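Spelled out, the chains give:
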Amino acid sequence: MTSLPVLPLSPAAVGRRPALPPRHLADLDLAGRQALVAELGEPAFRAKQLSTHYFGRLVRDPAQMTDLPAATRDRLAEALMPRLLTPVREMACDDGATRKALWRLHDGSLVESVLMGYPDRVTVCISSQAGCGMACPFCATGQAGLTRNLSTAEIVDQAVYLAGVAASGAVAGSPPRLSHVVFMGMGEPLANYSRVVDAVRRLCAPAPEGLGLSQRHVTVSTVGLVPAMRRLAGEGLSVTLALSLHAPDDELRDELVPVNQRWKVAEVLDAAWDYASRTGRRVSVEYAMIRDVNDQPWRADLLGRLLAGRLAHVNLIPLNPTPGSRWDASPKPVEREFVRRLREAGVSTTVRDTRGREIDGACGQLAASETSSADGR
């Protein structure tokens, strides 16, 4: 009988119980906001006005909410729009097309988000936890351990803030409207299941209840929490499920993705195919290419056999450097051979763009430190 490994907590989380963040309108659906406004002695339609400012106009400053009575603006904003994220540092690379934000939460926890601009879209990569308890040894977030889950509003607020950055025109050469959200920042999204699902619903609800994104433009990643994957399949959502597989065999995946000691490759893939069958959505299989570890031709062939004929697409990720890691990215000829073998097996395969490496903003690099080698401190 296998058991889950003991997952590390960050030093900040040891010996204390995380304090709940203040309630925010993004924690509530529109009916909940209306009820809260009524409790404050205001007409229910004020909830729609506040929601329109936050989700529709991306406005947070009460002084700009001129359709609200001056006497009540600050009181309503304080009750329904408290500050959840305090910017600590913002960094940019790729000529400003990739921007990483480090936030301090109300209890001092740190999280990061990344905005990526392309000619046809703007994508934000958001965090669902402060730190991560999955302990994957090649990932900077996993090495740091878990501090706490984020609230629904703390998750949503990252996307809304960065949507405002895009709307300001700060990302030259990209559309001014946020169109895609990926839950691939810090944390294991399905380990914070209810808040992540609520955040998805808030991001995709039409304004003023939400941000109005297409569910098909939202990706939720997981290392393979099988019960939560099966639960997600029954939510009636059409988001993309991204499975961080990283090895096709249990012996290696037990090391690279320790949760594999509980749910083996066959179980994880069975849950992924169930998701694809019930939603009609293609599963994105994430695979970090690690030199001399998981990049052998026989592993490419095994992966091809596991995925052939399935509703799946492989994203190969050149391993991004992280402090203290003993591993490096696969050489390009090895990567190309891996791609060739997968495609020969009939498996759709691409190599992910390694955007944000210079600012430690690429896949697996988010560590939420107030000091960074990327800015010389």
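The rules behind these values
- Residues numbered from 1 in each chain as written.
- Predicted model: local features only at pLDDT ≥ 70, side-chain atom pairs only at ≥ 80, totals over all residues.
- Heavy atoms only, no water.
- Helix = DSSP H or I, 4+ residues; strand = E, 2+ residues; numbered from the N terminus.
- Contact = heavy atoms within 4.5 Å.
- Areas by Shrake-Rupley, 256 points an atom, 1.4 Å probe, with all protein chains shown as cover.
- Pairing = 2+ DSSP bridges.
- Axes fitted to C-alpha atoms, helices over the stretch in contact; angles between N-to-C directions.
- Buried < 20%, exposed > 50% of the residue type's maximum accessible area, 1.4 Å probe, protein only.
- Core = buried A, V, L, I, M, F, W, Y, C linked by side-chain atoms within 4.5 Å.
- Expected span 1.5 Å × (residues − 1).
- Parallel < 35°, antiparallel > 145°, perpendicular 65-115°, else oblique.
- Left-handed = near helix turned anticlockwise from the far one by under 90°.
- Nonpolar A, V, L, I, M, F, W, Y, C, P; charged D, E, K, R; others polar.
- Salt bridge = Lys/Arg side-chain N within 4 Å of Asp/Glu carboxyl O.

K.L.:
How would you sum up the overall build of the protein? Please name residues and give values.
P.N.:
Assigned secondary structure in the protein consists of 11 helices and 12 strands. The long-range fraction of contacts in the protein, counting pairs at least 24 apart against all pairs at least 6 apart in sequence, stands at 68%. With the model as given, the accessible surface of the protein reaches about 15,600 Å², and the carbon-plus-sulfur share is 51%.

K.L.:
Tell me about the sheet that holds strand β4 (residues 121-125), and name the residues and values.
P.N.:
Strand order in this open sheet of 10 strands is β1-β2-β3-β4-β7-β8-β9-β10-β11-β12, and the pairing throughout is mixed. The outermost strands of the open sheet, each flanked by one partner alone, are β1 (86-93) and β12 (348-351). Neighbour to neighbour, the strand axes of the sheet diverge by 20° on average, direction disregarded. Relative to the sheet, helix α6 (residues 193-204) contacts β7 (180-183) and β8 (218-222), its axis offset from that of β7 by approximately 175°. Across the face of the sheet, helix α9 (residues 265-279) comes into contact with β9 (240-244), β10 (283-289) and β11 (312-318) while running at roughly 170° to β9.

K.L.:
Talk me through unusual backbone geometry; I want residue IDs and the actual numbers.
P.N.:
Cis rather than trans, the peptide bond between Ala 207 and Pro 208 has omega equal to 10°. The backbone of Leu 58 sits at a positive phi, close to 60°, despite the residue not being glycine. The residue Leu 58 is located in the loop between α2 (45-56) and α3 (70-80) in this model. In this model, His 246 sits at a positive phi of 70°, which is unusual for a non-glycine residue. Summarising the element assignment, His 246 is placed in the loop between β9 and α8 (250-256). The class of His 246 is buried, set by a relative accessible area of 7%.

K.L.:
Describe the nonpolar core, with residues and values.
P.N.:
By size, the foremost hydrophobic cluster in this structure holds 103 residues, and its most contacted members are Leu 178, Val 181, Phe 183, Leu 203 and Leu 256. With 9 residues, helix α5 (residues 152-167) is the largest single contributor of residues to this core. Apart from residues no more than four positions distant in its own chain, Leu 203 is found in contact with Ile 126, Val 156, Ala 159, Val 181, Phe 183, Leu 211, Gly 212 and Leu 213. Val 114, Met 116, Tyr 118 and Val 182 belong to the second largest nonpolar core, which has 5 residues in total.

K.L.:
I'd like a rundown of α5, residues and numbers included.
P.N.:
Relative to the 22 Å expected for 16 residues at 1.5 Å per residue, α5 spans 23 Å between its end C-alpha atoms, a close match to the ideal helical length. Of all 16 residues in α5, 13 are buried; the element is thus mostly enclosed. Downstream of α5 by one or two residues, Gly 169 has phi in the positive range, about 85°.

K.L.:
Describe the packing of α5 against α6, listing the residues and the values that go with them.
P.N.:
To characterise two packed helices, one gives the angle between the axes of the helices and the distance between these axes. At a minimum axis separation of 8 Å, α5 and α6 run at an interaxial angle of 40°. Comparing the axis directions of α5 and α6 gives the class oblique. With respect to the hand of their crossing, α5 and α6 are arranged in right-handed fashion. In this structure, α5 contributes Thr 152, Ile 155, Val 156 and Ala 159 to the contact, and α6 contributes Arg 195, Val 196, Asp 198, Ala 199, Arg 202 and Leu 203. A class-by-class count of the residues in the contact of α5 with α6 yields 6 nonpolar, 1 polar and 3 charged.

K.L.:
How would you summarise the pattern of salt bridges if you had to cite specific residues and measurements?
P.N.:
Across all of its chains, the model carries 20 salt bridges by this definition. The salt bridge involving Arg 148 is made with Glu 154; its shortest N-O contact spans 2.9 Å. The class for Arg 148 is buried, based on a relative accessible area of 6%. Residue classification places Glu 154 among the buried positions, given a relative accessible area of 0%. The partner of Arg 341 in a salt bridge is Glu 337, and the shortest N-O contact between them spans 2.8 Å. Here Arg 341 and its partner Glu 337 are both found in helix α11 (residues 332-344), 4 residues apart, which amounts to about one turn of the helix.

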